[in-house]
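# Residue-level structural notes
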Amino acid sequence: MGKNIWWLVLSSLRKEFRKRGNILIYFGLPLAGVLISTFIYANAGQSVLRVGVVNGDGAETVAAETVRFISEMGQVKAENVTEEELATLLAAGKLDSGVVLEEGYSQSVLAGQPDHIVISSIKGAEVTAYLKALLYNYIDNMTALGRAAEGDPARYQELFEEYRNTVFKLQAETVNDKSVTKDMTYQSLGFLILFMMMSSVNLTELILKHREDRTFYRIISSPVSSRAYVISNIIVNMIVMLLQIIVTLFFLRYVFKLDPGIPITALAGLLGLFALASVGISLVIVAFSKNRGVSDSLQNLIVTPTCLLAGCFFPVEIMPVAVRRIADFMPQRWVLLAVEELQDGSGFGGIWLNLSTLFVFAIVFFLIAAYKFGHNNDTRKFI
Amino acid sequence: MNVLDIRGLSKKFGDFIAVDNMSLTVGEGEIFGFLGSNGAGKSTTINLVASLLRPSSGEINILDKNIAKHSRFAKMNLGIVPQDLAIYEDMTAFENVKFFAGLYGLRGEELKERTEEALKFVGLEDKAKSFPKNFSGGMKRRLNIACAIAHRPKLIIMDEPTVGIDPQSRIYILASVRKLNEMGCTIIYTSHYMEEVEEICSRIAIIDHGKIIADGTKEQLIATITDLKDIRIELKRGEPDLALSLKNIPGVRDVSVEDNMLRISSDMAVDNLSQILKVLIDSGADIRSVEEQEPNLETVFLTLTGRNLRD
């Protein structure tokens, strides 16, 4: 039996990979998914805040120093504008935020009561928070100097010079934001899962194709049993999907240079387990289909919508709670959850529930398919 | 030795009895014709012999071994040429034969030699590297046969191997069947073309409603339905008075005249045509044509089943 299975596996693989179209479908589409993900997130996480500064306090030292401070802030591109220009540019989206230093600003700082400063944005707190956090801290320092100078501009200048030239320096470092590459990875894996499932159904459909073109009849007339034939199909399916995983992860990591935040081997192992569940789903689809037309329809009804609900195309968090609960019944959700947890630092010990659930999914699907195939064993249907 | 021995075989699908207590033997070296109209139980019997269906009762032996216990042995010695083409369109002729022969455990040089041998046998050695999608119907049928014989089976079941092909390919295939038989293969042959069965089969069985209703040589089958032959003589004009003198000829059972056509029913065993013609010539009758009709398989089939084979 083993030799015959191997013979069927090798012949099927030779046939599958002889067609260039199949290579494109099996490997090109998941890579296209990675490419799409990189485009989607291309601009995310690398934002520079465009800030318009209106200095309405003239040549006052405090105001001038504040403008200088803003222009030297990290991740900020400052631009001197008038109040009218600021309103127009903010409305046009050409500026993210605006800082208006009104007349009297410097005096208020010197007096220890900072006022006459307005920070505005039409993009909300998400944009202004960073600016406010740094700027208010700076103004607090200036105010403290003002209080120490007790309103004496010469004393203030002296203290300010000391403050500026102090040997104590704060070194700011920009931390590499990995959330974007994690999002890219997540999205890429979402596409990979979709294409793995589609490939799996297409490969399992070969059982129906061979029944329709009656080569299945000739095969089971030989010493090869129908069970050996189905096992060979499962092995071919697993080999193709494992190759899909390896090729996609290789390109993801070493060509697109995306760090998924998880060791590649761990990711491959996790997806390999999902591949098993995916073959199970395909077998169920094929077992319940009388012909390829029906299985194609079932594929359209099952694969894409479940991938959608499970969060393969966008984060599941944006969906209503009820829908999220439905997603829990889909193996795709469990593999994506496992990816998230691994990215958040969990080890394999932390995802044992996900792994067990995926394994149980695979077993249940295989059992359903085996039952249905067993009760389909009416040769008149196919011969 | 019997290559195939079927005893008390039955197969039910729910309430429907497809094969009903069938017993049949096919001896070594026979070309055995298996006739039955659509739905008679032919295909079910073939599927049971090929171990693709489990019998409801009874047993099947191939080369004296029960196929229920020795399924692998039975399948190794069996080659099936299905009625519908069972070949891969996206594999070359060579790859097709090689793939199916490989299922019987052939590998390496032996597999290559047997593949080439099978393709040569069906006359497709020049088309080994071609894809079946570019083949004519006859060539596809020949490839269908090659895929069934590369492992050198002792028993070959050919289910309608000449359906829908040109006369030249039919002649080639029938010659191939004879050649396979000469090489020692026992063949079970089903066809809707009665003349093919008459031409090549040494023994014929007729199946109807799942039962074998007749089994024997062509002559034996014909003898089961009649011992009379039909002689039709066309005259220039009707001669009603001739009937009486013709009835006196030995073997003649009945004479009827309809317009200018004489119809004589006579014992098949008595050769009396020349005497009949002499009586007619002596009486001055002007003979335009003479036709002697013996019952054929078609007649037998129609008589026994009440249907034409192609119904």
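These figures come from a predicted structure and were not determined experimentally. (Residues numbered from 1 in each chain as written. Chains lettered and ligands numbered in written order. Predicted model: local features only at pLDDT ≥ 70, side-chain atom pairs only at ≥ 80, totals over all residues.)

## Structural notes on the packing of helix α15 (residues 331-343) of chain A against helix α16 (residues 352-375) of chain A
Angle between the axes and distance between the axes are the two parameters that describe a pair of packed helices. All names here are of chain A. Going by this rule: The angle between two axes is taken between their N-to-C directions and runs from 0 to 180 degrees, where each axis is a line fitted to C-alpha atoms and a helix contributes only its stretch in contact. In this text, helices come from DSSP runs of H or I with a minimum length of four residues, and strands from runs of E with a minimum of two, each type numbered from the N-terminal end. Oblique is the label for every angle not falling under 35 degrees (roughly parallel), over 145 degrees (roughly antiparallel), or within 65 to 115 degrees (roughly perpendicular). Here a crossing is taken to be left-handed if its near helix is turned anticlockwise relative to the far helix by less than a right angle, and right-handed if that turn runs clockwise. Each residue is represented by a C-beta atom placed from its backbone, and any two residues with such atoms within 7 Å are regarded as in contact. When residues are grouped by polarity, Ala, Val, Leu, Ile, Met, Phe, Trp, Tyr, Cys and Pro land in nonpolar, Asp, Glu, Lys and Arg in charged, and all others, Gly among them, in polar.
In contact at an axis separation of 9 Å, α15 and α16 are set at 155° when each is read in the N-to-C sense. By the angle between their directions, the pair α15 and α16 is classed as roughly antiparallel. Along this stretch, α15 crosses α16, giving a crossing that reads as left-handed. When α15 is examined against α16, the residues Pro331, Trp334, Val335, Leu337 and Ala338 are found in contact with a partner set consisting of Asn354, Leu355, Thr357, Leu358 and Phe361. Looking at the contact of α15 with α16 residue by residue, the classes come out as eight nonpolar, two polar and no charged.

## Comments concerning the sheet that holds strand β7 (residues 155-159) of chain B
Residues and elements named next belong to chain B. For the record, the criterion: Strand pairing requires that DSSP identify at least two bridges connecting the strands.
Spatially, six strands are ordered β6-β7-β8-β3-β9-β10 in an open sheet, and the strand pairing comes out mixed. Each edge of the sheet is formed by a strand with only one pairing partner; in this case those strands are β6 (78-81) and β10 (211-216). Within the sheet, the average angular offset between the axes of one strand and its neighbour, ignoring direction, is 15°. By the bridge criterion, four bridges tie β6 to β7 in an arrangement that is parallel. Its bridge partner lying in β7, Val81 is registered against Met158. Against the sheet, helix α1 (residues 42-49) contacts β3 (31-35), β7, β8 (186-190) and β9 (203-208), and its axis sits at roughly 150° relative to β7.

## Some remarks on the interface of chain A and chain B
Contacts between the two partners involve 18 residues from chain A, matched on the other side by 23 residues from chain B. Element by element, the count of residues in the side of chain A that touches chain B is highest for helix α10 (residues 215-221) of chain A, at six residues.

## A few points about the UniProt feature "transmembrane region" (unreviewed entry) in chain A
Residue and element names in this part refer to chain A. The test is simple: UniProt positions are given in the numbering used here, feature names are shortened, and annotations may be inferred rather than shown by experiment.
Mapped onto this structure's residue numbering, the UniProt feature "transmembrane region" (unreviewed entry) falls at residues 21-42, 189-208, 229-252, 264-289, 301-323 and 351-371. Secondary structure content for residues 264-289 is 92% helix and 0% strand, and the end C-alpha separation is 36 Å. In the segment residues 301-323, helix accounts for 57% and strand for 0%; the C-alpha atoms at its two ends are 17 Å apart.

## Looking at the UniProt feature "domain: ABC transporter" (unreviewed entry) in chain B
Following the UniProt record, the feature "domain: ABC transporter" (unreviewed entry) maps to residues 4-234 of chain B here. Along residues 4-234 of chain B the backbone is 35% helical and 29% strand, and the end-to-end C-alpha distance reaches 49 Å.

## A short note on unusual backbone geometry
Formally: Neighbour counting defines burial: a residue surrounded by 20 or more other C-beta atoms within 10 Å of its own C-beta is buried, one with 12 or fewer is exposed, and intermediate counts give partly exposed, using backbone-placed C-beta atoms.
A positive phi angle, near 60°, is found at His116 of chain A, a position not held by glycine. His116 of chain A sits in the partly exposed class, given 17 other C-beta atoms within 10 Å.

## A look at the sheet that holds strand β11 (residues 228-235) of chain B
Residue and element names in this part refer to chain B. One open sheet accounts for four strands, arranged β12-β13-β11-β14; its pairing is antiparallel. Strands with a single pairing partner mark the edges of an open sheet, and in this sheet they are β12 (252-258) and β14 (287-293). Adjacent strand axes in the sheet meet at a mean angle of 15°, parallel and antiparallel pairs treated alike. Where β11 lies against strand β13 (residues 261-267), seven bridges are found, and the strand directions are antiparallel. Residue Ile233 lies in a different strand from β13, and its bridge partner there is Leu262. Across the sheet, helix α10 (residues 273-282) touches β11, β13 and β14, and the angle it forms with β11 is around 25°.

## A word on the nonpolar core
Nonpolar side chains in soluble globular proteins tend to end up buried together. Where we set the bar: A set of buried Ala, Val, Leu, Ile, Met, Phe, Trp, Tyr and Cys residues, joined to one another through C-beta atoms within 7 Å, is what we call a nonpolar core.
By size, the foremost hydrophobic cluster in this structure holds 85 residues, and its most contacted members are Ile62, Val97, Ala146, Ile156, Ile157, Ile187 and Tyr189 of chain B. Among the elements that make up this core, the one with the highest residue count is helix α5 (residues 137-149) of chain B (seven residues). Among all residues touching Ile187 of chain B, those that are not within four sequence positions of it are Ile31, Phe32, Ile156, Met158, Val177, Leu180 and Asn181 of chain B. In terms of nonpolar packing, the next biggest core, distinct from the first, is built from 63 residues, Leu31, Leu270, Val286 and Phe361 of chain A among them.

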